[in-house]
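# Structural features, examined
Below are the chains, spelled out letter by letter.
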Amino acid sequence: MAGSKSAVASLKRAAEEAHAAHEGILRRQSARESAARTYARALPIVPVRARGLTIEGADGRRYLDCLSGAGTLALGHNHPVVLEAIRKVLDSGAPLHVLDLATPVKDAFTTELFRTLPAGLADRARVQFCGPAGTDAVEAAFKLVRTATGRSGLLAFTGAYHGMTAGALEASGGATDGRVARLPFPQDYHCPFGIGGERGAELGARWTESLLDDAKSGVPLPAGMILEPVQGEGGVIPAPDAWMRRMRAITADRSIPLIADEVQTGVGRTGRFWAVEHSGVVPDVMVLSKAIGGSLPLAVVVYRDDLDVWQPGAHAGTFRGNQLAMAAGTATLAYVREHRLAERAGTLGARMLDQLGPLAAEFPCVGEVRGRGLMIGVELVRPEEDCEAVGSGSGNFGSLDTGGVGPRPAAPELAAAVQRECLRRGLIVELGGRHASVVRLLPPLTISDEQASAVLDRLADAVEAVARGRAERSRGFQRSERAG
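What counts as what
Residues numbered from 1 in each chain as written. Predicted model: local features only at pLDDT ≥ 70, side-chain atom pairs only at ≥ 80, totals over all residues. Heavy atoms only, no water. Pairing = 2+ DSSP bridges. Helix = DSSP H or I, 4+ residues; strand = E, 2+ residues; numbered from the N terminus. Axes fitted to C-alpha atoms, helices over the stretch in contact; angles between N-to-C directions. Disulfide = S-S within 2.5 Å. Core = buried A, V, L, I, M, F, W, Y, C linked by side-chain atoms within 4.5 Å. Buried < 20%, exposed > 50% of the residue type's maximum accessible area, 1.4 Å probe, protein only. Contact = heavy atoms within 4.5 Å. Expected span 1.5 Å × (residues − 1). Arc of directions from axis to C-beta. 1 Å grid on protein atoms, 1.4 Å probe; cavity = no way out; pocket = protein on both sides within 12 Å on 5 of 7 lines; lining within 4 Å. Points joined across faces, edges and corners; volume = space filled by probe spheres on them. Nonpolar A, V, L, I, M, F, W, Y, C, P; charged D, E, K, R; others polar.

### Describing the sheet that holds strand S17 (residues 438-441)
Spatial strand order, S13-S14-S17-S16: four strands in an open sheet with antiparallel pairing. This sheet does not close on itself; its edge strands, each paired only once, are strand S13 (366-372) and strand S16 (430-432). On average, adjacent strands in this sheet sit at an angle of 25° to one another, irrespective of strand direction. The sheet contact formed by S13 and strand S14 (residues 375-380) spans six bridges and is antiparallel.

Shown next as structure tokens:
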């Protein structure tokens, strides 16, 4: 009996010490790190161990991680094939820093990368190793097409996100200044033309053609067009395949290089190895990062060989030869390809979307559930706003041309509440969208059926808790109003 009490006391002490260590680390981070930190504010956890979908915090709590390094971890945390690839390089005595010199590790990575590229690009592709982040690759792509065409302007889309460096920000949705013409990105729930569907996408394509062909549009022939096959940070908005083909035709007819930003959509995430493959589009340039480094920093630009007009040293980067990332990336690319994880992501993602779909019918605060493959978004809206339609009204809300009720205003406070409720239930999710009102799921491609069910159960439970709490507060307010 005494031994039992002693064991309980020891466990209690250990738990208290773990909690104190956890709080201390968070306190020191808050005191010492930049105010620019983001995820650390919404996710006050201290990861100490991780494997696959699971993270363990310093306080001993376990979480299902559907953030996956913002889509970086295609195979989840610490996958054995990735760890083995890294160990092999470390144990070999190979140099870890080589600038852009040729190495067996780089050769293996490039060979595997080219093996996965869309048909029509791989046989005439060049690869540019640049800085280690996706935004570095975007900058390199812009510089490349401007050099190749001799033109300076760019075409980009509303809601886009391409990175945080100056040129990438110019082409992103939050830009305040720049040499970029903004085009409407097709979507159903918030269609800029108020109709959504194929007709809305067609109007967007016509606007693009008009802008380019009108001598008085104020938009000269640009150096390139950049687009995301699925807008991630923009709110998980898949581009329609027919619209993608129109953009390819529009740019090809006018000799405008088409740049596909596959930083987050690549390596099987959307149900095809590269998201452009859904539409059959072959871009002139592909920007790649995140998952291609197997969890380590790596970014490249792949482009058509006739665009390869660089002079030696015209674009470089000190850390463009990250050997460990290339080894981890080779292992990841090969594993995804050999185990058909892209197809698995498409099948499982469709099933998850089907299971989440009823949330929009059950809870007025859910505006739309959307996504492609294992990029999934749930948009939270203000349920009390039955306002006049101001965008498309696909889904539950009808459309302008049928007299239906349009999309309701975004509810970022409800999305943040759902994120907090998810964390309380041991689920890590990200927020995105125009007003951070979209709860995003980016699980690893290795997620099991059982884990997927657990994720959906926790998310649905969190949405229900937020919806119920909001309804109770609303009833309480109405009672106080009547009493007053």
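So much for the structure itself; the text now carries on.
### Some points on the state of the cysteines
All told, the structure shown has zero disulfides when counted by the stated rule. Between cysteine 66, a cysteine without a disulfide, and cysteine 422, which holds the nearest cysteine sulfur, the sulfur-to-sulfur distance is 8.9 Å.

### Description of the nonpolar core
Judged by nonpolar contacts, the single largest core of 95 residues is most densely connected at Trp243, Trp274, Val366 and Leu459. Ignoring any residue separated from it by four or fewer positions in sequence, one finds tryptophan 274 in contact with Leu113, Thr116, Leu117, Pro118, Glu262, Gly266, Val267, Met286, Leu288 and Ile292. Among the nonpolar cores identified, the runner-up in size contains 24 residues, and Ala137, Leu154, Ala299 and Trp310 belong to it.

### Some details on the sheet that holds strand S4 (residues 125-129)
In any sheet, the strands associate via hydrogen bonds between backbone groups, in a parallel or an antiparallel arrangement. With mixed pairing, seven strands are arranged side by side in an open sheet as S4-S12-S11-S10-S7-S5-S6. Two strands in the sheet have a free side with no partner beyond their single neighbour: S4 and strand S6 (180-183). Put simply, the sheet's adjacent strands are angled 20° from each other on average, direction ignored. Contacts between helix H6 (residues 134-149) and the sheet are confined to strand S5 (154-157), strand S7 (224-227), strand S10 (258-261), strand S11 (285-288) and strand S12 (300-304), with S11 contributing the most and set at about 160° to the helix.

### What to know about helix H5 (residues 104-116)
With 13 residues, H5 ought to run about 18 Å at 1.5 Å a step, and its terminal C-alpha atoms sit 19 Å apart, in line with that. Of the positions making up H5, those classed as buried are Val105, Lys106, Phe109, Thr110, Glu112, Leu113 and Thr116. Buried residues of H5, viewed axially, fall in a sector of 165°; they line one side. Exposed residues on H5 whose side chains face more than 90 degrees from its buried face are Pro104 and Asp107.

### Topic: empty space enclosed by the protein
Summed over the entire model, instances satisfying the criterion amount to one cavity of 30 Å³ or more. Put simply, the largest cavity is a space of about 30 Å³. In terms of lining, the largest cavity is formed by Pro229, Val230, Ala239, Asp241, Met244, Ala275, His278, Ser279 and Arg372. Among the residues forming the lining of the largest cavity, the class breakdown is five nonpolar, two polar and two charged.

### Observations concerning the layout of surface pockets
The method is simple in principle: a probe with the dimensions of a water molecule rolls over the atoms, and the space it marks as empty is what remains. The computed volume of the largest pocket comes to approximately 1100 Å³. The wall of the largest pocket is formed by 43 residues, among which Tyr39, Ala70, Tyr161, Glu233 and Glu430 lie closest to the centre. At three residues, the largest contribution of residues to the lining of the largest pocket is made by S16. Along the lines of polarity and charge, the residues of the lining of the largest pocket split into 16 nonpolar, 20 polar and seven charged. Taken together, 21 residues line the second largest pocket, and the ones lying closest to its centre are Asp188, Gly197, Glu198, Pro238 and Pro240. Going through the elements one at a time, helix H8 (197-213), strand S9 (237-238), helix H9 (241-253) and S13 are the ones with two or more residues in the lining of the second largest pocket. At five residues, H8 tops the list of elements feeding residues into the lining of the second largest pocket. Residues belonging to the lining of the second largest pocket are distributed by class as follows: ten nonpolar, four polar and seven charged.

### As for H6
Here H6 contains 16 residues, and its C-alpha end-to-end distance of 23 Å stays within 8% of the 22 Å for a straight helix at 1.5 Å per residue. If you check which residues of H6 are buried, you get Gly134, Thr135, Ala137, Val138, Ala140, Ala141, Phe142, Leu144, Val145 and Arg146. Its buried side turned inward, H6 meets S5, helix H7 (166-170), S7, S10, S11 and S12. One or two residues past the end of H6 sits glycine 150, with phi positive at roughly 75°.

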